[in-house]
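# Notes for the structure review
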Amino acid sequence: MSTDLFIDHGPAAIIAAALITYCFRFGGLLLADRLPRTGPLRIFLDALPGTILISLVVPSAVHSGWRGVVGVVACLAVYMGTRRLLLTMFSGVLTVYLLRLMS
Amino acid sequence: MTADRQRLVVAAGHLCRHEITESVSAVIHQMVYDAGFARYAGHAWLPTRLLENAEFIMSDSKSIPNVSFSTGMHRGAVANIPLAVSAVTYGGVLGVLSAQKGVTWAEMSAMNVLMFAGSAQFVMVDMWQAPLSVMAVAMAVFIVNLRYLLIGASLQPVFAGHPLWRKALLMHLVVDENWAVTIAEHRKNGTDPYFLFGGGLLLLGAWSSGTLGGNLLGSFISQPEKYALDFAFVAVFAALTLSLWRGRGDGLPWAGAIVLALVSERLLPGKWYIVIGGVGGALVAGVIEYLRLKKR
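Residues numbered from 1 in each chain as written. Chains lettered and ligands numbered in written order. Predicted model: local features only at pLDDT ≥ 70, side-chain atom pairs only at ≥ 80, totals over all residues.

Residues and elements named next belong to chain B. Position of A206 relative to the elements: it lies in helix α13 (residues 193-218). On a C-alpha basis, the gap between A206 and I81 in space is 9.3 Å, while along the polypeptide they are 125 residues apart. In contact with A206, other than residues within four places in its own chain, are A84, A87, V88 and G91. (Helix = DSSP H or I, 4+ residues; strand = E, 2+ residues; numbered from the N terminus. Contact = placed C-beta atoms within 7 Å.)

Here it is as C-alpha coordinates:
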(Lines give C-alpha, C1' and ligand atoms only; values in the text may rest on other atoms or scores of the structure.)
Protein backbone atom coordinates (compact mmCIF):
# COMPACT_ATOMS: atom_id res chain seq x y z
CA MET A 1 0.00 0.00 0.00
CA SER A 2 2.57 2.51 1.09
CA THR A 3 4.70 1.79 -1.98
CA ASP A 4 1.87 3.03 -4.20
CA LEU A 5 1.44 6.25 -2.27
CA PHE A 6 5.01 7.48 -2.64
CA ILE A 7 7.57 7.10 -5.42
CA ASP A 8 11.10 5.96 -4.56
CA HIS A 9 12.95 8.57 -2.52
CA GLY A 10 9.73 10.63 -2.42
CA PRO A 11 9.37 10.73 1.38
CA ALA A 12 13.05 11.59 1.78
CA ALA A 13 12.78 14.41 -0.76
CA ILE A 14 9.67 15.84 0.92
CA ILE A 15 11.25 15.69 4.38
CA ALA A 16 14.44 17.32 3.13
CA ALA A 17 12.44 20.06 1.39
CA ALA A 18 10.33 20.61 4.50
CA LEU A 19 13.36 20.85 6.80
CA ILE A 20 15.11 23.33 4.50
CA THR A 21 12.02 25.51 4.26
CA TYR A 22 11.44 25.47 8.01
CA CYS A 23 15.07 26.33 8.72
CA PHE A 24 14.77 29.39 6.47
CA ARG A 25 11.58 30.58 8.14
CA PHE A 26 12.79 30.12 11.70
CA GLY A 27 16.41 30.94 10.92
CA GLY A 28 15.43 34.22 9.27
CA LEU A 29 13.62 35.25 12.44
CA LEU A 30 16.64 34.34 14.57
CA LEU A 31 19.16 36.00 12.25
CA ALA A 32 17.08 39.11 11.74
CA ASP A 33 19.87 41.50 12.59
CA ARG A 34 22.64 39.82 10.65
CA LEU A 35 21.39 39.59 7.06
CA PRO A 36 23.02 42.07 4.69
CA ARG A 37 20.77 44.93 3.64
CA THR A 38 22.94 46.17 0.80
CA GLY A 39 25.86 44.93 -1.23
CA PRO A 40 26.51 42.13 -3.72
CA LEU A 41 25.18 39.32 -1.51
CA ARG A 42 21.87 41.09 -1.05
CA ILE A 43 21.60 41.76 -4.78
CA PHE A 44 22.37 38.08 -5.41
CA LEU A 45 19.63 36.96 -3.01
CA ASP A 46 17.14 39.39 -4.52
CA ALA A 47 17.88 38.25 -8.06
CA LEU A 48 17.46 34.52 -7.31
CA PRO A 49 13.66 34.12 -7.60
CA GLY A 50 13.58 35.63 -11.09
CA THR A 51 16.59 33.77 -12.47
CA ILE A 52 15.45 30.42 -11.08
CA LEU A 53 12.03 30.76 -12.70
CA ILE A 54 13.37 31.87 -16.08
CA SER A 55 15.77 28.89 -16.01
CA LEU A 56 12.79 26.64 -15.48
CA VAL A 57 10.55 28.17 -18.16
CA VAL A 58 12.79 28.58 -21.18
CA PRO A 59 14.03 24.98 -21.59
CA SER A 60 10.50 23.62 -21.05
CA ALA A 61 9.08 26.03 -23.62
CA VAL A 62 11.78 25.06 -26.12
CA HIS A 63 10.89 21.41 -25.56
CA SER A 64 7.28 22.09 -26.52
CA GLY A 65 8.48 23.07 -30.00
CA TRP A 66 7.58 26.22 -31.91
CA ARG A 67 4.04 26.11 -30.53
CA GLY A 68 5.44 26.30 -27.04
CA VAL A 69 7.54 29.31 -27.92
CA VAL A 70 4.48 31.01 -29.47
CA GLY A 71 2.54 30.14 -26.31
CA VAL A 72 5.13 31.86 -24.14
CA VAL A 73 5.06 34.90 -26.42
CA ALA A 74 1.27 34.97 -25.98
CA CYS A 75 1.78 34.88 -22.20
CA LEU A 76 4.20 37.79 -22.48
CA ALA A 77 1.75 39.86 -24.53
CA VAL A 78 -1.21 39.20 -22.24
CA TYR A 79 0.82 39.85 -19.12
CA MET A 80 2.11 43.18 -20.44
CA GLY A 81 -1.45 44.16 -21.37
CA THR A 82 -3.34 43.02 -18.29
CA ARG A 83 -0.85 42.18 -15.49
CA ARG A 84 -3.12 39.35 -14.44
CA LEU A 85 -1.52 36.01 -13.64
CA LEU A 86 -4.45 33.68 -14.19
CA LEU A 87 -5.41 35.33 -17.46
CA THR A 88 -1.79 35.11 -18.62
CA MET A 89 -1.71 31.40 -17.88
CA PHE A 90 -4.98 30.66 -19.65
CA SER A 91 -3.94 32.61 -22.72
CA GLY A 92 -0.79 30.49 -23.01
CA VAL A 93 -2.69 27.22 -22.70
CA LEU A 94 -5.41 28.39 -25.11
CA THR A 95 -2.81 29.43 -27.71
CA VAL A 96 -1.06 26.07 -27.63
CA TYR A 97 -4.43 24.26 -27.66
CA LEU A 98 -5.58 26.15 -30.77
CA LEU A 99 -2.24 25.71 -32.54
CA ARG A 100 -2.38 21.96 -31.97
CA LEU A 101 -6.00 21.86 -33.11
CA MET A 102 -5.05 23.49 -36.41
CA SER A 103 -2.19 21.18 -37.29
CA MET B 1 5.26 61.96 4.50
CA THR B 2 8.63 61.12 6.01
CA ALA B 3 11.45 59.39 4.18
CA ASP B 4 11.13 56.48 6.58
CA ARG B 5 7.50 56.04 5.74
CA GLN B 6 8.31 56.02 2.07
CA ARG B 7 11.03 53.48 2.64
CA LEU B 8 8.87 51.14 4.62
CA VAL B 9 6.15 51.10 2.01
CA VAL B 10 8.65 50.44 -0.73
CA ALA B 11 10.27 47.72 1.37
CA ALA B 12 6.95 45.93 1.69
CA GLY B 13 6.45 46.06 -2.04
CA HIS B 14 9.94 44.75 -2.56
CA LEU B 15 9.59 41.74 -0.31
CA CYS B 16 6.18 41.03 -1.76
CA ARG B 17 7.26 40.88 -5.32
CA HIS B 18 7.68 37.16 -4.83
CA GLU B 19 3.97 36.88 -4.31
CA ILE B 20 2.12 34.46 -6.45
CA THR B 21 -1.44 35.67 -6.31
CA GLU B 22 -3.15 38.80 -7.44
CA SER B 23 -4.71 39.32 -4.03
CA VAL B 24 -1.38 39.68 -2.28
CA SER B 25 -0.40 42.17 -4.88
CA ALA B 26 -3.67 44.01 -4.26
CA VAL B 27 -2.95 44.19 -0.53
CA ILE B 28 0.44 45.73 -1.17
CA HIS B 29 -0.82 48.22 -3.69
CA GLN B 30 -3.55 49.20 -1.24
CA MET B 31 -0.91 49.70 1.43
CA VAL B 32 1.09 51.92 -0.84
CA TYR B 33 -2.01 53.83 -1.78
CA ASP B 34 -3.04 54.27 1.87
CA ALA B 35 0.37 55.65 2.69
CA GLY B 36 -0.18 58.42 0.18
CA PHE B 37 1.81 57.09 -2.75
CA ALA B 38 -1.05 56.75 -5.19
CA ARG B 39 1.28 57.24 -8.12
CA TYR B 40 3.21 54.07 -7.29
CA ALA B 41 0.21 51.97 -6.43
CA GLY B 42 -0.72 51.05 -9.99
CA HIS B 43 2.78 49.99 -10.97
CA ALA B 44 3.68 46.35 -11.38
CA TRP B 45 6.93 46.98 -9.60
CA LEU B 46 7.16 49.39 -6.79
CA PRO B 47 10.55 51.07 -7.00
CA THR B 48 12.46 48.36 -5.24
CA ARG B 49 15.81 50.06 -5.61
CA LEU B 50 14.96 52.41 -2.79
CA LEU B 51 14.91 49.52 -0.41
CA GLU B 52 17.48 49.70 2.32
CA ASN B 53 16.00 48.15 5.35
CA ALA B 54 13.08 45.77 5.39
CA GLU B 55 12.61 46.23 9.10
CA PHE B 56 11.43 49.77 8.56
CA ILE B 57 8.20 48.13 7.54
CA MET B 58 7.17 47.69 11.10
CA SER B 59 9.47 49.90 13.08
CA ASP B 60 6.64 52.28 13.90
CA SER B 61 4.35 49.66 15.45
CA LYS B 62 4.60 47.47 18.50
CA SER B 63 3.98 43.80 19.06
CA ILE B 64 1.08 43.09 21.40
CA PRO B 65 2.40 40.38 23.76
CA ASN B 66 -0.65 39.66 25.88
CA VAL B 67 -3.44 39.35 23.37
CA SER B 68 -5.60 36.24 23.68
CA PHE B 69 -4.70 33.29 21.52
CA SER B 70 -8.15 32.74 20.01
CA THR B 71 -8.89 36.42 19.35
CA GLY B 72 -5.65 36.82 17.47
CA MET B 73 -6.14 33.62 15.49
CA HIS B 74 -9.69 34.58 14.57
CA ARG B 75 -8.71 38.07 13.45
CA GLY B 76 -5.86 36.68 11.38
CA ALA B 77 -8.07 34.11 9.71
CA VAL B 78 -10.74 36.68 8.82
CA ALA B 79 -8.16 39.06 7.39
CA ASN B 80 -6.82 36.31 5.13
CA ILE B 81 -10.15 35.21 3.62
CA PRO B 82 -9.69 36.95 0.25
CA LEU B 83 -6.24 35.41 -0.08
CA ALA B 84 -7.57 32.00 0.86
CA VAL B 85 -10.00 32.18 -2.05
CA SER B 86 -7.17 32.72 -4.49
CA ALA B 87 -5.11 30.02 -2.75
CA VAL B 88 -7.88 27.53 -3.58
CA THR B 89 -7.80 28.54 -7.26
CA TYR B 90 -4.05 28.51 -7.47
CA GLY B 91 -3.85 25.25 -5.54
CA GLY B 92 -6.40 23.78 -7.93
CA VAL B 93 -4.10 24.53 -10.86
CA LEU B 94 -1.18 22.86 -9.10
CA GLY B 95 -3.42 19.92 -8.18
CA VAL B 96 -4.46 19.26 -11.79
CA LEU B 97 -0.85 19.55 -12.96
CA SER B 98 0.35 17.26 -10.18
CA ALA B 99 -2.03 14.54 -11.35
CA GLN B 100 -0.50 14.77 -14.84
CA LYS B 101 2.91 14.25 -13.28
CA GLY B 102 1.69 11.23 -11.34
CA VAL B 103 1.96 12.85 -7.92
CA THR B 104 -0.31 10.99 -5.48
CA TRP B 105 -2.67 12.58 -2.95
CA ALA B 106 -0.44 11.30 -0.16
CA GLU B 107 2.63 13.00 -1.61
CA MET B 108 0.68 16.20 -2.16
CA SER B 109 -0.68 16.15 1.41
CA ALA B 110 2.80 15.59 2.83
CA MET B 111 4.13 18.56 0.85
CA ASN B 112 1.17 20.71 1.94
CA VAL B 113 1.51 20.01 5.65
CA LEU B 114 5.26 19.54 6.06
CA MET B 115 6.55 22.19 3.66
CA PHE B 116 3.60 24.45 2.78
CA ALA B 117 5.18 26.70 0.16
CA GLY B 118 3.44 27.32 -3.17
CA SER B 119 6.19 28.08 -5.67
CA ALA B 120 8.49 25.40 -4.22
CA GLN B 121 5.70 22.84 -4.53
CA PHE B 122 5.29 23.77 -8.20
CA VAL B 123 8.99 23.17 -8.74
CA MET B 124 8.91 19.90 -6.80
CA VAL B 125 5.91 18.60 -8.74
CA ASP B 126 7.71 19.46 -11.96
CA MET B 127 10.70 17.36 -10.83
CA TRP B 128 8.55 14.48 -9.58
CA GLN B 129 9.52 11.50 -11.72
CA ALA B 130 11.58 8.38 -11.12
CA PRO B 131 14.47 8.27 -10.58
CA LEU B 132 14.04 11.10 -8.15
CA SER B 133 17.21 12.81 -6.96
CA VAL B 134 16.76 13.93 -3.35
CA MET B 135 19.79 16.18 -3.74
CA ALA B 136 18.42 17.97 -6.81
CA VAL B 137 15.03 18.49 -5.15
CA ALA B 138 16.70 19.79 -2.01
CA MET B 139 18.87 22.21 -4.00
CA ALA B 140 15.91 23.54 -5.98
CA VAL B 141 13.82 24.02 -2.84
CA PHE B 142 16.81 25.65 -1.17
CA ILE B 143 16.96 28.25 -3.90
CA VAL B 144 13.26 28.84 -4.36
CA ASN B 145 12.66 29.21 -0.63
CA LEU B 146 15.75 31.23 0.23
CA ARG B 147 13.52 34.28 0.34
CA TYR B 148 11.89 32.92 3.51
CA LEU B 149 15.08 33.93 5.28
CA LEU B 150 14.23 37.55 4.48
CA ILE B 151 10.56 37.09 5.25
CA GLY B 152 11.42 35.48 8.60
CA ALA B 153 13.79 38.32 9.41
CA SER B 154 11.16 40.94 8.69
CA LEU B 155 8.78 39.35 11.20
CA GLN B 156 11.07 40.02 14.15
CA PRO B 157 8.98 42.93 15.51
CA VAL B 158 5.79 40.84 15.47
CA PHE B 159 7.45 38.23 17.70
CA ALA B 160 9.20 40.71 19.97
CA GLY B 161 8.83 39.63 23.61
CA HIS B 162 7.56 36.13 22.81
CA PRO B 163 9.40 33.00 24.01
CA LEU B 164 11.57 30.96 21.66
CA TRP B 165 9.31 27.87 21.65
CA ARG B 166 6.40 29.99 20.46
CA LYS B 167 8.50 31.47 17.66
CA ALA B 168 9.59 27.96 16.66
CA LEU B 169 5.99 26.70 16.57
CA LEU B 170 4.23 29.60 14.89
CA MET B 171 6.80 30.32 12.16
CA HIS B 172 6.02 27.08 10.34
CA LEU B 173 2.85 28.38 8.68
CA VAL B 174 4.35 31.60 7.33
CA VAL B 175 3.77 32.05 3.59
CA ASP B 176 3.75 35.09 1.32
CA GLU B 177 0.03 35.71 1.81
CA ASN B 178 -0.36 35.78 5.59
CA TRP B 179 3.00 37.49 5.86
CA ALA B 180 1.83 40.37 3.66
CA VAL B 181 -1.48 40.69 5.52
CA THR B 182 0.27 40.62 8.90
CA ILE B 183 2.74 43.30 7.86
CA ALA B 184 -0.09 45.54 6.68
CA GLU B 185 -2.04 44.97 9.90
CA HIS B 186 1.01 45.45 12.09
CA ARG B 187 1.67 48.83 10.58
CA LYS B 188 -1.91 49.95 11.02
CA ASN B 189 -2.96 48.65 14.42
CA GLY B 190 -0.13 46.50 15.72
CA THR B 191 -0.55 42.75 15.78
CA ASP B 192 0.66 39.50 17.34
CA PRO B 193 2.04 36.11 16.25
CA TYR B 194 -1.39 34.48 16.60
CA PHE B 195 -2.78 36.75 13.93
CA LEU B 196 -0.07 35.44 11.63
CA PHE B 197 -0.73 31.84 12.63
CA GLY B 198 -4.52 32.10 12.28
CA GLY B 199 -4.07 33.34 8.75
CA GLY B 200 -1.61 30.51 8.11
CA LEU B 201 -4.08 27.87 9.30
CA LEU B 202 -6.83 29.20 7.06
CA LEU B 203 -4.44 29.31 4.10
CA LEU B 204 -3.27 25.77 4.81
CA GLY B 205 -6.90 24.60 4.68
CA ALA B 206 -7.55 26.51 1.46
CA TRP B 207 -4.31 25.38 -0.16
CA SER B 208 -4.93 21.75 0.80
CA SER B 209 -8.48 21.69 -0.53
CA GLY B 210 -7.33 23.33 -3.76
CA THR B 211 -4.36 21.05 -4.38
CA LEU B 212 -6.10 17.82 -3.32
CA GLY B 213 -9.30 18.67 -5.21
CA GLY B 214 -7.29 19.44 -8.34
CA ASN B 215 -5.24 16.26 -7.88
CA LEU B 216 -8.41 14.16 -7.74
CA LEU B 217 -9.96 15.96 -10.71
CA GLY B 218 -6.79 15.82 -12.77
CA SER B 219 -6.50 12.06 -12.47
CA PHE B 220 -9.76 11.75 -14.46
CA ILE B 221 -8.35 13.60 -17.46
CA SER B 222 -6.83 10.86 -19.59
CA GLN B 223 -5.39 12.85 -22.49
CA PRO B 224 -3.84 16.00 -21.08
CA GLU B 225 -2.04 16.86 -24.34
CA LYS B 226 -5.36 17.15 -26.13
CA TYR B 227 -6.29 20.17 -24.03
CA ALA B 228 -2.72 21.49 -23.95
CA LEU B 229 -2.74 20.83 -20.22
CA ASP B 230 0.86 19.68 -20.45
CA PHE B 231 1.67 23.24 -21.50
CA ALA B 232 -0.18 24.65 -18.48
CA PHE B 233 2.96 24.12 -16.43
CA VAL B 234 5.08 26.25 -18.71
CA ALA B 235 2.31 28.85 -18.91
CA VAL B 236 1.98 29.09 -15.10
CA PHE B 237 5.70 29.52 -14.72
CA ALA B 238 5.89 31.99 -17.59
CA ALA B 239 3.21 34.09 -15.89
CA LEU B 240 5.00 33.90 -12.52
CA THR B 241 8.33 34.73 -14.11
CA LEU B 242 6.98 37.78 -15.88
CA SER B 243 5.56 39.07 -12.62
CA LEU B 244 9.08 38.97 -11.16
CA TRP B 245 10.58 41.29 -13.77
CA ARG B 246 11.81 44.40 -11.96
CA GLY B 247 13.20 46.39 -14.87
CA ARG B 248 16.20 46.66 -17.14
CA GLY B 249 18.61 45.70 -14.38
CA ASP B 250 17.25 42.17 -14.60
CA GLY B 251 18.19 41.93 -18.29
CA LEU B 252 21.75 40.61 -18.02
CA PRO B 253 21.12 38.23 -15.09
CA TRP B 254 18.07 36.76 -16.83
CA ALA B 255 19.93 36.41 -20.15
CA GLY B 256 22.75 34.67 -18.28
CA ALA B 257 20.26 32.35 -16.61
CA ILE B 258 18.64 31.46 -19.95
CA VAL B 259 21.95 30.63 -21.62
CA LEU B 260 23.21 28.59 -18.64
CA ALA B 261 19.92 26.73 -18.32
CA LEU B 262 19.74 25.82 -22.02
CA VAL B 263 23.37 24.68 -22.15
CA SER B 264 23.34 22.69 -18.91
CA GLU B 265 20.02 21.10 -19.82
CA ARG B 266 21.78 19.59 -22.88
CA LEU B 267 24.85 18.49 -20.99
CA LEU B 268 23.54 17.31 -17.61
CA PRO B 269 20.86 14.81 -16.60
CA GLY B 270 17.80 15.59 -14.51
CA LYS B 271 16.79 19.04 -13.34
CA TRP B 272 20.20 20.47 -12.48
CA TYR B 273 19.79 23.10 -15.16
CA ILE B 274 17.29 24.90 -12.92
CA VAL B 275 19.83 25.22 -10.12
CA ILE B 276 22.71 26.12 -12.45
CA GLY B 277 20.74 28.70 -14.43
CA GLY B 278 19.23 30.21 -11.29
CA VAL B 279 22.43 30.53 -9.28
CA GLY B 280 24.49 31.54 -12.33
CA GLY B 281 22.05 34.26 -13.36
CA ALA B 282 21.83 35.66 -9.83
CA LEU B 283 25.64 35.59 -9.62
CA VAL B 284 25.72 37.85 -12.68
CA ALA B 285 23.60 40.33 -10.72
CA GLY B 286 25.87 40.02 -7.66
CA VAL B 287 29.05 40.47 -9.70
CA ILE B 288 27.67 43.53 -11.48
CA GLU B 289 26.90 45.07 -8.08
CA TYR B 290 30.35 44.10 -6.80
CA LEU B 291 32.07 45.75 -9.77
CA ARG B 292 29.90 48.83 -9.42
CA LEU B 293 30.87 49.21 -5.76
CA LYS B 294 34.53 48.65 -6.55
CA LYS B 295 34.58 51.38 -9.17
CA ARG B 296 33.42 54.00 -6.73
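We now examine the interface of chain B and chain A. Opposite the 79 residues of chain B that make contact, chain A presents 64 residues. Examining the composition of the side of chain B that touches chain A, we find that 13 residues originate from one element, helix α14 (residues 229-243) of chain B, more than from any other. Of the residues in the side of chain B that touches chain A, the class split is 58 nonpolar, 13 polar and eight charged. (Nonpolar A, V, L, I, M, F, W, Y, C, P; charged D, E, K, R; others polar.)

Within the largest apolar cluster, 114 residues are counted, with the highest numbers of intra-cluster contacts made by A17 of chain A together with A235, V236 and A239 of chain B. Per-element accounting of this core gives the leading share, 12 residues, to α14 of chain B. Once you skip the residues sitting within four places of it in the chain, A235 of chain B turns out to touch G71, C75, M89, G92 and V93 of chain A. (Core = buried A, V, L, I, M, F, W, Y, C linked by C-beta atoms within 7 Å. Buried ≥ 20, exposed ≤ 12 C-beta atoms within 10 Å, placed from the backbone.)

Before going further, it helps to spend a moment on the packing of helix α2 (residues 10-30) of chain A against helix α8 (residues 134-144) of chain B. Their axes nearest at 9 Å, the elements α2 of chain A and α8 of chain B cross at an angle of 25°. Taken together, the axes of α2 of chain A and α8 of chain B are roughly parallel relative to one another. α2 of chain A and α8 of chain B meet at a crossing whose hand is right-handed. Here α2 of chain A contributes A12, A13, A16, A17, I20 and T21 of chain A to the contact with α8 of chain B, which in turn contributes V134, V137, A138, V141 and F142 of chain B. Split by residue class, the contact of α2 of chain A with α8 of chain B holds 10 nonpolar, one polar and no charged. (Axes fitted to C-alpha atoms, helices over the stretch in contact; angles between N-to-C directions. Parallel < 35°, antiparallel > 145°, perpendicular 65-115°, else oblique. Left-handed = near helix turned anticlockwise from the far one by under 90°.)

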